[in-house]
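Report on the structure
Chain by chain, the residues:
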Amino acid sequence: MPSVIANNLAKQYGKKKDIVQALKGVSFEVEKGELFGIIGPDGAGKTSLFRILTTLLIPDGGSASVDGFDVVKDFKAIRQRVGYMPGRFSLYQDLTIEENLEFFATIFNTTIEANYDLIKDIYSQIEPFKDRRAGKLSGGMKQKLALSCALIHKPSVLFLDEPTTGVDAVSRKEFWEMLRSLKQQGITILVSTPYMDEASLCDRVALIQGGEILSVNTPGGVIASFQHPLLAVKGDNMLRLLTDLKNFEGTIDAYPFGEYHHVVLKDGYSEASVTNYLQQHNYHQPHVQTIRADIEDCFIALMKTEVDSPFTIHQ
Amino acid sequence: MNTNNNTAIEAHELTKRFGHFTAVDAISFEVKKGEIFGFLGANGAGKTTAMRMLCGLSIPTSGKATVAGFDVYKQTEHIKKSIGYMSQKFSLYEDLTVKENIRFYAGIYGKSDAFIKQKTAFLLKELHLEEEANKLVKSLPLGWKQKLAFSVAIFHEPEIVFLDEPTGGVDPVTRREFWNMIYQAAESGITVFVTTHYMDEAEYCNRVSIMVDGRIDALDTPAQLKKTFEAKSMDEVFLKLARKAKRSGD
């Protein structure tokens, strides 16, 4: 039995003229022990989804279960067995590190000692400061404490809502290393993030945008379903180059990508045809190279699906 | 200090201490007019403190700096009039309409009614927001808000615009449209000073500085930084530098 099932979940906010459709029929399943990523920008519906799955919000349509329990009828059972780390730091600022952890352990009828093994790797990094108040901690330490508190009752499913937003590249890497080691212990983890590059660290991902799932697949599977030729191009005047690439007859889409521009080509066009075209437009030795799409390329393509899709949707 | 006409920002040993803690530790750099300058650093490296000094919101402990030719100690009011500012966390008033927000900010900067009227019409057309002009800002999608916020920040035609993580959480398509607007602003002569956690965006800057523990540990073009640090990407450059940090994040 899957650990988490979402079936056509819908949620809307506001009334009459100001209705916002946060979720428009979201469905997916997460297997036991999976590290499952919900990848999408702000406003995609990630937090609404997490709040429904952790029983903090009632859906307007559809159904969902966690560990076989219904999120509406069996909310008490679910609360006993999930851990939830909200996007905003929500521990008690004027309790110390140790007091916060003890508080959460007590609420769930357990002790720090009983489940110390599970949090040891994470908690031992902040334990030397256990008498410091949570409000006085650095961002990285707050994050470690919040994760320890979400884990102290040994949940079977862990929900992490944007744990790495606004966090610098180094701390982000460290956080993902912690998640990988938690996965080893058999916990099912759902993690949401606006950073596309974090998708490759998940077993499977759901790409979400505007309240709708664009794709559910392994990171490799998402990339494999990008079926058009993709090029990385670099030249003298990058701004002019982008305009020229967009005007090429074989171009589906062209957009900046770090130090290169990426160009999605129609079938039948290739590296050579673009090089030719650029030389005709007076570019000296432009750098043109066929590359493999990454998750961000796929996300961009999926967002533009209605216009002219370089994508085949696999169900 | 010798400020020539091509310099938008000049900092020399600029320092800020809070008690015994040196948040910004004698940083020196120059930003040229019309340049897109990326100001990177790990959380807690001192970026925000440095930016606050350059915006005239915090008086330095020591060192020198001029912004748009004005002194950061004595001419902070002149600085505020010469710059625009936008951050991810705060930019527009959610309970005012699109038009009201524009009117409000332009009014603060003392622009004439005729100027505001003419430029508002132009701006709404550029952003394809004509139909949304009288809608509350909170009803707009995030990407639209960020683009509108940027337009508002440069509405009064400042010499320099400071952007503090302007694209955090924004979808990849809108993020690129946003950078397109930054390029256009730079082309029109506005100097852009920008922070970001997206390392691909560091590539879009003319030059990039990287702060570690209050100091600027590297400053160059993205291409030269990659050469110097023998790295394939800016991400790698950043990791190599930021891993040396002793300070923990904010």
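Residues numbered from 1 in each chain as written. Chains lettered and ligands numbered in written order. Predicted model: local features only at pLDDT ≥ 70, side-chain atom pairs only at ≥ 80, totals over all residues.

1. Here's the deal with the overall build of chain B
The helix and strand inventory of chain B stands at nine helices and ten strands. Residue burial in chain B is summarised as follows: out of 250 residues, 45% are buried. (Helix = DSSP H or I, 4+ residues; strand = E, 2+ residues; numbered from the N terminus. Buried ≥ 20, exposed ≤ 12 C-beta atoms within 10 Å, placed from the backbone.)

2. Here's the deal with the overall build of chain A
Counting secondary structure elements, chain A contains ten helices and 14 strands. Taking the principal axes of its C-alpha atoms as reference, chain A extends roughly 75 × 45 × 40 Å. The buried share of chain A, reckoned over its 315 residues, is 45%. At a minimum sequence separation of 6, the contacts of chain A that also span at least 24 residues come to 69%. (Contact = placed C-beta atoms within 7 Å.)

3. Things to note about the sheet that holds strand β13 (residues 260-265) of chain A
All names here are of chain A. What the four strands build is an open sheet, ordered β12-β13-β11-β14; its pairing is antiparallel. The sheet terminates laterally at β12 (251-257) and β14 (287-290), the two strands that pair on one side only. Geometrically, the sheet is characterised by an average inter-axis angle of 25° between neighbouring strands, direction not taken into account. With four bridges joining them, strand β11 (residues 230-234) and β14 adopt antiparallel strand pairing. Within the sheet, the bridge partner assigned to A232 lies in β14 and is Q289. Its contacts with the sheet place helix α9 (residues 271-280) against β11, β13 and β14, and it is angled at close to 165° to β14. (Pairing = 2+ DSSP bridges. Axes fitted to C-alpha atoms, helices over the stretch in contact; angles between N-to-C directions.)

4. Some points on the interface of chain B and chain A
Contacts between the two partners involve 30 residues from chain B and, on the opposite side, 28 residues from chain A. Of all the secondary structure elements, the ones that give two or more residues to the side of chain B that touches chain A are α6 (172-187), α7 (199-202) and α9 (234-242) of chain B. The element that contributes the greatest number of residues to the side of chain B that touches chain A is α6(B), accounting for five residues. Its residues assigned to classes, the side of chain B that touches chain A comprises 14 nonpolar, nine polar and seven charged. (Nonpolar A, V, L, I, M, F, W, Y, C, P; charged D, E, K, R; others polar.)

5. A few points about the environment of A:I19
Position of A:I19 among the secondary structure elements: in the loop between β1 (4-13) and β2 (20-30). In this structure A:I19 touches A:Q12 and A:G14, once residues within four positions along its chain are discounted.

6. A short note on the domain arrangement of chain A
Per the domain assignment, the segments making up chain A are domain 1 (4-223) and domain 2 (227-292). Using C-alpha coordinates to define each centre, domain 1 of chain A is positioned 40 Å away from domain 2 of chain A. (Domains from an automatic or database assignment.)

7. Topic: the nonpolar core
Soluble globular proteins tend to pack their nonpolar side chains together in the buried interior. Residue and element names in this part refer to chain A. Counting 89 residues, the largest nonpolar core has L53, F159, I189 and L207 as its most contacted members. Viewed by domain, this core spans two of them, domain 1 (4-223) and domain 2 (227-292), each represented by three or more residues. Apart from residues lying up to four places away in sequence, F159 is in contact with F50, L53, T54, V82, G83, Y84, M85 and L190. (Core = buried A, V, L, I, M, F, W, Y, C linked by C-beta atoms within 7 Å.)

8. Some thoughts on helix α3 (residues 98-108) of chain B
All names here are of chain B. Among the residues of α3, V98, N101, I102, Y105 and A106 are the ones counted as buried. Looking down the long axis of α3, one finds its buried residues gathered within 120° of arc, a one-sided arrangement. Positive phi appears at G110, one or two residues downstream of α3, with a value of about 75°. (Arc of directions from axis to C-beta.)

9. Description of helix α5 (residues 142-153) of chain B
All names here are of chain B. Spanning twelve residues, α5 covers 16 Å between terminal C-alpha atoms, matching the ideal 16 Å at 1.5 Å per step. Every buried residue of α5 is accounted for by G143, K145, Q146, K147, L148, A149, F150, S151, V152 and A153. Buried residues along α5 sit in contact with β6 (83-87), α3, α4 (113-126), β7 (160-164) and α6. (Expected span 1.5 Å × (residues − 1).)

10. Structural notes on the sheet that holds β7(B)
All names here are of chain B. One open sheet holds the six strands; their spatial order is β6-β7-β8-β3-β9-β10, and the pairing between them is mixed. Edge positions in the sheet fall to β6 and β10 (215-220), since each has one partner strand and no second. Ignoring strand direction, the axes of neighbouring strands in this sheet form an average angle of 15°. Strand direction decides the pairing type here: β7 and strand β8 (residues 191-195), joined by five bridges, are parallel. Within β8, the position partnered with L163 by the bridge is V194. Those strands touched by α5 are β6 and β7, and its axis lies near 165° from that of β6. Against the sheet, α9 touches β3 (36-41), β9 (207-212) and β10, its axis set at about 25° to β9.

11. So, unusual backbone geometry
With a phi angle near 55°, A:D67 is a residue other than glycine that sits in the positive phi range. Considering the arrangement of structural elements, one finds A:D67 in the loop between β4 (61-66) and β5 (69-70). A residue is classified by how many C-beta atoms lie within 10 Å of it, and A:D67, with 19 of them, is partly exposed. The phi torsion at B:A26 lies on the positive side, around 55°, for a residue other than glycine. Secondary-structure assignment places B:A26 in strand β2 (residues 21-32).

12. Observations regarding the packing of α3(B) against α4(B)
All names here are of chain B. Interhelical geometry of α3 versus α4 gives an angle of 140° and a closest axis separation of 11 Å. Put simply, α3 runs oblique to α4. Both α3 and α4 take part in a crossing whose hand is right-handed. Counted together, K99, I102, R103 and A106 of α3 and I116, T120 and L123 of α4 form the full contact between these two elements. Partitioned by chemical class, the residues of the contact of α3 with α4 number four nonpolar, one polar and two charged. (Parallel < 35°, antiparallel > 145°, perpendicular 65-115°, else oblique. Left-handed = near helix turned anticlockwise from the far one by under 90°.)

13. Remarks on the confidence of the model for chain A
All names here are of chain A. Mean pLDDT over chain A stands at 91; residues scoring 70 or higher make up 97%. Here helix α6 (residues 169-184) stands out as the element of chain A with the lowest mean pLDDT, 88, in contrast to β5, whose mean of 98 is the highest. Scored below 50 in pLDDT, residues 306-315 makes 16 contacts in the model with residues more than four places away or belonging to other chains. (pLDDT = per-residue confidence, 0-100.)

14. Description of the environment of A:T54
Residues and elements named next belong to chain A. With respect to the helices and strands, the residue T54 is situated in the loop between α1 (46-53) and β4. C-beta crowding within 10 Å serves as the criterion here: with 21 such atoms nearby, T54 is assigned to the buried category. As a C-alpha pair, T54 and V71 span 17 residues in sequence and 7.3 Å in three-dimensional space.

15. A closer look at the confidence of the model for chain B
Interpretation of this model should avoid reading the predicted coordinates in detail wherever pLDDT is low. For chain B, the average pLDDT comes to 92, and 97% of its residues sit at 70 or higher. Under the prediction, the complex receives an ipTM of 0.81, its pTM being 0.85.

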